[in-house]
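Notes for the structure review
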Amino acid sequence: MGRVTHLLDPAVQHWLDIVGIFVFAISGALLAVRKNFDVFGMAVLAEVTGLGGGLFRDVVIGAVPPAAFTDAGYFHAPLIATVLVFFLHPHVERINKAINVFDAAGLGLFCVAGTVKAHEYGLGLFASAVLGLATAAGGGVLRDVLANEVPSLLRWDRDLYAVPAIAGATVTALLLGAGALNAVTMLSAATLAFVVRLLALRFGWRAPRAWHRRSTVEDPEPGA
Amino acid sequence: MGRVTHLLDPAVQHWLDIVGIFVFAISGALLAVRKNFDVFGMAVLAEVTGLGGGLFRDVVIGAVPPAAFTDAGYFHAPLIATVLVFFLHPHVERINKAINVFDAAGLGLFCVAGTVKAHEYGLGLFASAVLGLATAAGGGVLRDVLANEVPSLLRWDRDLYAVPAIAGATVTALLLGAGALNAVTMLSAATLAFVVRLLALRFGWRAPRAWHRRSTVEDPEPGA
Amino acid sequence: MGRVTHLLDPAVQHWLDIVGIFVFAISGALLAVRKNFDVFGMAVLAEVTGLGGGLFRDVVIGAVPPAAFTDAGYFHAPLIATVLVFFLHPHVERINKAINVFDAAGLGLFCVAGTVKAHEYGLGLFASAVLGLATAAGGGVLRDVLANEVPSLLRWDRDLYAVPAIAGATVTALLLGAGALNAVTMLSAATLAFVVRLLALRFGWRAPRAWHRRSTVEDPEPGA
């Protein structure tokens with residue numbers, strides 16, 4: 001969602017943003033179907049998932065009104081995702097693995113774009129990377145909170161999601177600090193996050209939990 | 001909550017805002033009682049329900065500090081609602097149908113006032129209508145999230161709530177675009193949302209869910 | 001988190017802020033362990049608990065980018081809390097009573113600092129006190145929402161939390177109004193909130209619930 005006008009061709013960046021928003025929105029609409037929401041609930045959850053992370057970033061850095069409300073394309077992409085899921089839900093579910101690949105691409109694009117935009121608004125490198133992570137992961141957290149579920153991001157029994165975004169945002173911040181950010185290195189950072197996320201999905205990578213937890217049971221549905 | 005100074009007499013608009021906040025706050029305080037919260041939990045939920053939608057809109061359009069923090073009346077109305085529900089809870093529950101009517105009135109007033117205020121702050125017609133919807137429905141969503149419930153707005157088994165607000169906000173945006181917004185047309189748009197909501201309540205109108213959902217069971221408590 | 005530069009030595013105030021953030025973050029990390037989150041979930045919950053209240057206040061008063069993103073110390077304190085809880089979890093749980101004392105200290109510091117910062121940004125005394133309460137209690141509410149629990153703040157079966165913060169924020173606002181706020185009176189207000197909270201914990205003070213509730217059962221786990 002961050003418009004990074006100077007580094008990529010603006011039109012290219014805009015379409016990358018739209019694609020990222022669209023794929024995130026698909027995950028929101030699918031969760032809405034699983035929760036038995038109606039079509040308006042699907043649209044709200046799709047919008048929140050697609051735009052929530054960027055909206056949070058823009059409010060925090062003072063970029064108001066946020067891009068989500070000034071670019072109609074950003075708002076319409078989740079509506080198209082809602083229509084698709086509404087009519088083709090079983091087919092969309094069936095290609096869930098393909099969606100995970102697109103979601104990983106969105107994660108990569110957003111953690112880089114979020115970091116760059118925060119830096120453009122004057123935040124330090126470290127804070128910019130944090131906001132890059134928030135841009136990439138925020139929409140999914142809001143999606144889960146609205147659906148009254150424990151956010152996937154926090155759960156131990158889900159494959160790594162924060163780590164790829166942290167990797168991409170950190171590399172972007174380092175490149176910004178070194179003055180070496182350009183279209184090529186930026187896409188490399190996004191690709192890094194993308195690949196790490198795919199590897200985490202492929203091999204079921206998980207993060208450790210606190211040492212010496214008292215419960216010895218390996219509960220099958222932790223955090224639920 | 002939006003102050004629409006030029007179209008209605010400011011004092012009239014102010015009192016309409018207060019009434020809307022107050023009625024929304026009643027629904028927050030009532031939910032707090034059902035959730036067994038204490039009196040402070042009631043007050044927090046009443047404030048959030050009454051002011052949350054307008055607060056979200058104001059932060060997004062950059063109208064800070066938000067009206068909720070600059071007009072003491074806006075803040076006190078939910079406290080009065082809390083006191084009423086605290087002492088007269090069974091009586092308030094008994095007039096639940098009457099409250100639904102007032103809530104529908106609040107919905108109508110807020111979707112119009114929210115659209116107009118967003119437009120005054122420079123947003124496009126489409127984005128303004130979206131923020132009108134957010135102003136009208138946002139407080140209820142925050143109320144349900146804080147109470148750890150699935151938001152009514154999203155649930156299939158609740159009567160239409162988004163549609164009346166969308167209708168009112170869309171008509172308001174069209175009137176703004178046509179330069180035809182005045183006190184009469186504005187109240188007409190609010191009345192449209194109000195009436196559609198009452199009809200949805202009266203006839204149990206609901207929105208469709210996604211086609212071809214796998215589950216064939218008509219679960220009595222979906223989304224819960 | 002509010003920097004109250006003129007009243008206390010800035011370095012002293014800064015360290016008080018860090019301590020408050022750190023102690024709040026401990027409570028977030030501990031809840032994450034109880035919810036079986038992984039180490040990144042712990043870090044997210046620690047950050048949200050430590051910084052959420054101040055972040056909300058700063059966005060509302062227009063102090064963007066918020067202090068949470070401009071002072072690296074504010075961001076690192078919750079990470080240190082996460083590492084501590086990660087490795088020493090059972091020991092940290094064991095000193096839970098000590099943590100409650102620190103949390104009460106954080107409550108006292110934040111309700112005062114939040115009130116003062118809001119007033120510095122031009123809000124009225126009443127609104128400033130409300131934001132002082134939001135600064136002190138907001139992080140805990142966000143923590144519980146992200147963990148998919150009913151916020152402690154709202155629950156009847158938890159010892160008073162809002163009242164001490166309201167007391168501290170109100171006294172601070174009155175002192176501001178009387179032009180009598182200085183380092184001594186400010187710390188007195190914080191101490192008042194601190195002591196009231198400790199007394200509430202010690203004697204199990206609770207707030208009343210609505211009169212004439214229908215249920216006659218004294219349910220052991222209300223609101224859960």
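Parameters and conventions
Residues numbered from 1 in each chain as written. Chains lettered and ligands numbered in written order. Predicted model: local features only at pLDDT ≥ 70, side-chain atom pairs only at ≥ 80, totals over all residues. Heavy atoms only, no water. Helix = DSSP H or I, 4+ residues; strand = E, 2+ residues; numbered from the N terminus. Lys, Arg positive; Asp, Glu negative; His and termini not counted. Charge placed at Lys NZ, Arg CZ, Asp CG, Glu CD. Least-squares fit on C-alpha atoms with pLDDT ≥ 70 in both. Contact = heavy atoms within 4.5 Å. pLDDT = per-residue confidence, 0-100. UniProt positions renumbered as here; feature names shortened; annotations may be inferred. Buried area = accessible area lost by both parts, 1.4 Å probe. Salt bridge = Lys/Arg side-chain N within 4 Å of Asp/Glu carboxyl O. Polar contact = N/O pair within 3.5 Å; in protein donor to acceptor, adjacent residues only side chain to side chain. Nonpolar A, V, L, I, M, F, W, Y, C, P; charged D, E, K, R; others polar. Axes fitted to C-alpha atoms, helices over the stretch in contact; angles between N-to-C directions. Parallel < 35°, antiparallel > 145°, perpendicular 65-115°, else oblique. Bend = angle between axes of the 7 residues up to and from the residue. Buried < 20%, exposed > 50% of the residue type's maximum accessible area, 1.4 Å probe, protein only. Phe/Tyr/Trp six-rings, centres within 6.5 Å; stacked < 30°, edge-to-face > 60°. Expected span 1.5 Å × (residues − 1).

Let's shift gears to the overall build of chain A. The number of helices and strands found in chain A is eight helices and zero strands. If you list the helices and strands of chain A from N to C, you get α-α-α-α-α-α-α-α. Considered along the principal axes of its C-alpha atoms, chain A spans approximately 50 × 45 × 30 Å. Within chain A, the 16 negative side-chain charges are centred at a point lying 7 Å from the centre of the 16 positive side-chain charges.

What follows is about the relation of the copies chain A and chain C. Superposing chain A onto chain C takes a rotation of 120 degrees combined with a translation of 0.0 Å along the rotation axis, leaving an RMSD of 0.0 Å. Classification of the inter-copy transformation places it as that of a three-fold axis. Residue N148 of chain A, judged by its C-alpha, is the member of chain A lying nearest the rotation axis, at 3.9 Å. Comparing contact sets, just 9% of the residues at the interface of chain A also lie at the interface in chain C, consistent with a heterologous contact between different surfaces.

With that out of the way, let us pick up the confidence of the model for chain A. Residues and elements named next belong to chain A. Here chain A averages 89 in pLDDT, while 92% of its residues score no lower than 70. Per-residue pLDDT stays below 50 along residues 1–5; that stretch engages in 29 contacts with residues further than four places along the chain or on separate chains. This stretch, residues 216–224, has a pLDDT under 50; its non-local contacts, to residues over four places away or in other chains, come to 13 contacts. With pTM at 0.91, the complex prediction returns an ipTM value of 0.88.

All names here are of chain A. As annotated in UniProt, the feature "transmembrane region" (unreviewed entry) corresponds to residues 12–32, 39–56, 68–87, 99–116, 122–142, 162–181 and 187–205 in the numbering used here. Spanning residues 12–32, this segment combines 100% helix with 0% strand, and its end C-alpha atoms are found 30 Å apart. Between the C-alpha atoms that bound residues 68–87 the distance is 25 Å, and the span itself is 95% helix and 0% strand.

Contacts between chain A and chain C engage 35 residues on the former and 29 residues on the latter. Summing the contributions of chain A and of chain C, the shared interface buries around 2600 Å²; its carbon and sulfur component is 72%. In terms of surface lost to chain C, no three residues of chain A exceed V60, L154 and W211 of chain A, which account for 22% of the buried area on that side. Put simply, chain A and chain C have zero salt bridges between them. At the boundary of chain A with chain C, the tally comes to five residue pairs in polar contact (both at pLDDT 80 or more). Among the elements that make up the side of chain A that touches chain C, the one with the highest residue count is helix α6 (residues 125–146) of chain A (six residues). Of the residues assigned to the side of chain A that touches chain C, the class counts are 25 nonpolar, four polar and six charged.

Residue and element names in this part refer to chain A. As a packed pair, helix α1 (residues 10–34) and α6 sit with axes 10 Å apart at the nearest point and diverge in direction by 10 degrees. As judged from the angle between their axes, α1 and α6 are roughly parallel. Across the interface between the two elements, F24, S27, G28 and L31 of α1 pack against A136, R143 and D144 of α6. For the contact of α1 with α6, the per-class residue count stands at three nonpolar, two polar and two charged.

Inspection of the secondary structure puts N36 of chain C in the loop between α1 (10–34) and α2 (39–61). Here the side chain of N36 of chain C touches R209 of chain A through a polar contact of 2.7 Å, side chain to side chain.

Attention now moves to helix α4 (residues 72–94) of chain B. Taking the largest bend as the criterion, α4 of chain B deviates by roughly 100 degrees, centred on L88 of chain B, and proline P90 of chain B comes between one and four positions later. Buried positions along α4 of chain B lie against α1 (10–34), α2 (39–61), α3 (67–70) and α5 (96–120) of chain B together with α6 (125–146) of chain C. Residue D71 of chain B occupies the N-cap position of α4 of chain B, its side-chain oxygen lying 2.8 Å from the main-chain nitrogen of G73 of chain B.

On to the UniProt feature "domain: Glycine transporter" (unreviewed entry) in chain A, then. Residue and element names in this part refer to chain A. The positions UniProt marks with the feature "domain: Glycine transporter" (unreviewed entry) are residues 15–89 and 101–175. Annotated as residues 15–89, this span is 87% helix and 0% strand, and its ends, taken at the C-alpha atoms, are 25 Å apart. When the span residues 101–175 is considered, its composition is 75% helix and 0% strand, and the gap between its end C-alpha atoms is 25 Å.

Applying the stated rule across the entire model yields 18 salt bridges over all chains. In this structure, the salt-bridge partner of E149 of chain C is K35 of chain C, at a minimum N-O distance of 3.2 Å. Here K35 of chain C lies in the loop between α1 and α2 and E149 of chain C lies in the loop between α6 and α7 (162–177), a separation of 114 residues in the sequence. On the basis of relative accessible area, E149 of chain C is assigned to the partly exposed category, the value being 29%. Owing to a relative accessible area of 12%, K35 of chain C belongs among the buried residues under this scheme. Of the charged contacts, one joins D157 of chain C and R155 of chain C as a salt bridge, the two residues approaching to 3.1 Å between their closest N and O atoms. Of the two residues examined, D157 of chain C and R155 of chain C, each falls in the buried class. Salt bridges sharing partners connect three or more residues here, namely R57, D58 and K117 of chain A.

Of the two same-sequence chains, chain B is brought onto chain A (RMSD 0.0 Å, axial shift 0.0 Å) by a rotation of 120 degrees. In this assembly the copies use different faces: only 9% of the residues contributing to the interface of chain B also contribute to that of chain A.

Attention now moves to the interface of chain B and chain A. Residue-level contacts link 35 residues of chain B with 29 residues of chain A. Of the roughly 2600 Å² buried where chain B meets chain A, counting both sides, 72% is carbon and sulfur surface. Sorting the residues of the side of chain B that touches chain A by element identifies α2, α6 (125–146) and α7 (162–177) of chain B as the ones contributing at least two each. In terms of residue count, α6 of chain B provides more of the side of chain B that touches chain A than any other element does, six residues in total. Across the side of chain B that touches chain A, the residue classes break down as 25 nonpolar, four polar and six charged.

A word on the packing of aromatic side chains. Following the criterion strictly, the structure yields 18 aromatic pairs over all chains and no others. Taken together, a centroid distance of 4.6 Å and an interplanar angle of 85 degrees make the contact between F87 of chain A and W211 of chain B edge-to-face. Of the two residues, F87 of chain A is situated in helix α4 (residues 72–94) and W211 of chain B in the segment after α8 (183–203); the pairing between them involves two chains. The class for W211 of chain B is partly exposed, based on a relative accessible area of 44%. Connected via pairs of aromatic rings, a cluster forms that spans F86 and F87 of chain A together with W211 of chain B.

Residue and element names in this part refer to chain C. Here α2 is 23 residues long and its end C-alpha atoms lie 33 Å apart, about the 33 Å a rise of 1.5 Å per residue gives. Of all the bends in α2, the greatest, near 50 degrees, is centred on L51. The buried count for α2 comes to 20 of 23 residues, which makes it a mostly enclosed element. Capping of α2 at its N-terminal end is provided by D38; its side-chain oxygen lies 2.9 Å from the backbone amide nitrogen of F40. Just past α2, the residue G62 takes up positive phi, approximately 80 degrees.

This paragraph deals with unusual backbone geometry. All names here are of chain A. In this chain, V64 is followed by P65 through a cis amide linkage whose omega measures -5 degrees. Tracing the backbone through its elements, the reader meets P65 in the loop between α2 (39–61) and α3 (67–70). A positive phi angle, near 70 degrees, is found at N36, a position not held by glycine. Looking at N36, the relative accessible area reads 8%, which means it is buried.

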